[in-house]
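Here are the chains, one letter per residue:
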Amino acid sequence: MAGPHLGRRAGARERGRVCLSRETAVTQTALITGGSSGIGLALSRRLAGRGWRLLWASLSEDEIAAARGDILTAHPDAVISGLALDLAAPDAPARVLDWAQGQGGCDLLINNAGFGVYGPSADLALEAEQAMIAVNICALHALTRLFLPVMEARGGGTIVNIASNSAFVPAPDLAVYAATKAFVKHYSEALTAELEEANSPVRVMTVCPSAISDTPFLKRAGMEGVRTFTSFTATTAEEVARDIIEGLDNKRPFVLTGAAMRRAMWLMKLAPAPVLRWMTRRETRRV
Ligand SMILES: NC(=O)c1ccc[n+]([C@@H]2O[C@H](COP(=O)([O-])OP(=O)(O)OC[C@H]3O[C@@H](n4cnc5c(N)ncnc54)[C@H](OP(=O)(O)O)[C@@H]3O)[C@@H](O)[C@H]2O)c1
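The following refers to the structure shown. Just so you know, these numbers come straight off a predicted model, no measurement behind them. (Residues numbered from 1 in each chain as written. Predicted model: local features only at pLDDT ≥ 70, side-chain atom pairs only at ≥ 80, totals over all residues. Heavy atoms only, no water.)

What to know about the overall build of the chain
A tally of regular secondary structure across the chain gives 10 helices and seven strands. The C-alpha radius of gyration computed for the chain amounts to 18 Å, which stays within 12% of the reference 19 Å derived for 287 residues, consistent with globular compactness. Overall, the chain is about 50 × 40 × 35 Å in size when its C-alpha atoms are taken along their principal axes. Buried positions account for 52% of the 287 residues belonging to the chain. Long-range contacts, defined as pairs at least 24 residues apart, comprise 75% of the intrachain contacts of the chain with a sequence gap of at least 6. For the chain, the computed accessible surface area is about 12600 Å², with 58% contributed by carbon and sulfur atoms. (Helix = DSSP H or I, 4+ residues; strand = E, 2+ residues; numbered from the N terminus. Rg over C-alpha atoms; globule rule 2.2 N^0.38 Å. Buried < 20%, exposed > 50% of the residue type's maximum accessible area, 1.4 Å probe, protein only. Contact = heavy atoms within 4.5 Å. Areas by Shrake-Rupley, 256 points an atom, 1.4 Å probe, with all protein chains shown as cover.)

Quick notes on the pattern of salt bridges
Applying the stated criterion to the full structure yields 14 salt bridges. Here Asp-107 and Arg-154 are joined by a salt bridge, their closest N and O atoms 3.2 Å apart. Remark: Arg-154 occurs in helix α4 (residues 126–154) and Asp-107 occurs in the loop between α3 (92–102) and β4 (108–111); sequence separation between them is 47 residues. A residue is classified by how much of its surface remains accessible, and Arg-154, at 35% relative accessible area, is partly exposed. Between Asp-243 and Arg-262 there is a salt bridge; the shortest N-O distance is 3.1 Å. With Asp-243 in helix α8 (residues 237–249) and Arg-262 in helix α9 (residues 259–270), the pair connects residues that are 19 residues apart, well separated along the chain. Judged by relative accessible area, Asp-243 falls into the buried class, the value being 7%. For Arg-262, a relative accessible area of 33% translates into the label partly exposed. Here the salt bridges do not stand alone but share partners, grouping Arg-45, Arg-46, Asp-70 and Glu-238 into one network. (Salt bridge = Lys/Arg side-chain N within 4 Å of Asp/Glu carboxyl O.)

Thoughts on helix α5 (residues 175–197)
With 23 residues, α5 should cover 33 Å at 1.5 Å per step; its first-to-last C-alpha distance of 33 Å lies within 8% of that length. Buried within α5 are the following residues: Val-176, Tyr-177, Ala-178, Thr-180, Lys-181, Val-184, Lys-185, Tyr-187, Ser-188, Leu-191, Thr-192 and Leu-195. If you follow the buried residues of α5, they end up packed against α4, β5 (157–162), β6 (202–208), α6 (217–220) and β7 (254–256). Remark: Asn-199 follows α5 within two positions and exhibits a positive phi of approximately 55°. (Expected span 1.5 Å × (residues − 1).)

Focus: the site of the ligand
Every one of the 30 residues lining the ligand counts as a neighbour, but Ser-37, Glu-63, Asn-112, Tyr-177 and Thr-215 are closest to it. Taking Asp-86, its side chain carries an N or O atom lying 2.8 Å from a nitrogen atom of the ligand. Between the ligand and the protein, one listed contact pairs an oxygen atom with a backbone N or O atom of Ile-212 at 2.8 Å. Taken by itself the ligand offers 890 Å² of open surface, and the protein chains cover 96% of this. Counting only elements with at least two residues in the shell around the ligand, the list comes to α1 (38–49), α5 and α6. The leading source of residues in the shell around the ligand is α6, at three residues. (Near = heavy atom within 4 Å. Polar contact = N/O pair within 3.5 Å; in protein donor to acceptor, adjacent residues only side chain to side chain.)

Considering the pairing of β6
It is a general feature of regular strands that their side chains alternate between the two faces of the sheet. The element β6 is extensively covered by neighbouring structure, given that seven of its seven residues are classed as buried. Two elements, β5 and β6, share six bridges in a ladder whose sense is parallel. Bridge pairing in β6 links Thr-158 to Arg-203. With α5 bridging β5 and the parallel β6, this β-α-β connection has right-handed handedness. (Pairing = 2+ DSSP bridges. Right-handed = clockwise from strand over helix to strand, strands pointing away.)

Overview of the environment of Thr-73
Here Thr-73 is to be found in helix α2 (residues 61–74). Overall, the relative accessible area of 66% leaves Thr-73 in the exposed class. Residues Thr-73 and Phe-229 lie 156 residues apart in sequence; the distance between their C-alpha atoms is 35 Å.

Side note on the environment of Asn-111
Its location among the elements puts Asn-111 in strand β4. Separated by 24 residues in sequence, Asn-111 and Val-135 have C-alpha atoms that sit 10.0 Å apart. In this structure Asn-111 touches Thr-33, Leu-140, Leu-143, Thr-144, Ile-159, Val-160, Asn-161 and Ile-162, once residues within four positions along its chain are discounted.

As for the nonpolar core
Across soluble globular proteins, nonpolar side chains show a tendency to be buried alongside one another. The biggest cluster of nonpolar side chains holds 37 residues, and the ones touching the most others in it are Leu-31, Leu-85, Leu-87, Val-96, Leu-109, Phe-147 and Ile-159. Ignoring anything within four residues of it in the chain, the contact list for Ile-159 reads Leu-109, Asn-111, Thr-144, Leu-148, Met-151, Val-202, Arg-203, Val-204 and Met-205. By size, the runner-up hydrophobic cluster in this structure holds 30 residues, among which are Leu-108, Val-160, Ile-162 and Ala-237. (Core = buried A, V, L, I, M, F, W, Y, C linked by side-chain atoms within 4.5 Å.)

Below, the structure is given as structure tokens:
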């Protein structure tokens, strides 16, 4: 997929130009899909605290309004614009690009919107699985492709793609969700390498959070009573946001969020494949 943008040279410009300190970042803009909930909202709070302008593309207009009020209470000077749309719609990524460009463009794109649906694949509605693929894969891929050349033309930027710890191992009862996150991880890591080789001024960072106890995600996915490694890798939206910001500050290409998940990853690397599959099955079964 060596598009014309990949051959361009960054020249003297710094790769992945994002300045996260409050003093230097006043005019910078972050576009966060799903910025009005969970991880997106925790990230938004931190970026608003550093003086970033925020653009959100989320599903619910009411949720955007409520989350905007929440941020403005803590940061009265924050500048936040929202676009309510269904990212599963084929024309949604192009609409997001047009809207963001109309707002002055962005220096940081965080492809965070996503959802899961729990249950045996054969029992789930085909439409529900297809919508999951449309949001978690198609919209993320299209937004990455659409914003990449625009950021290169601006002289730099960073794209953060949110995968999951589900990206590492096939997960029964989360078959399609885990497969969408495996796509995000493989695609984003390969893109990081391609952009580095091409000396592009744009960087891509891949993020793999473990199960988060305090966002609506698990409930929305119908995963009450499912362990999903929560007993030993559970994290919070705040911890995930902190680790992502730390990753951006340090220009990391890959971030595994949460200290517990980083410890568990060592065990996963040492465990034989059949043991890993047995453990995954145990953790994805409803208790
Ligand atoms: N929570 C976990 O355990 C966990 C673990 C690993 C990875 N992740 C990943 O982290 C990301 C954020 O999850 P979260 O925990 O913060 O969940 P969340 O609070 O449910 O946030 C998901 C966001 O995505 C938006 N969204 C979902 N479907 C959409 C659609 N069709 N069109 C537009 N926006 C849509 C939601 O908008 P509305 O709220 O307006 O519907 C919401 O803002 C997801 O990609 C998820 O797969 C989560």
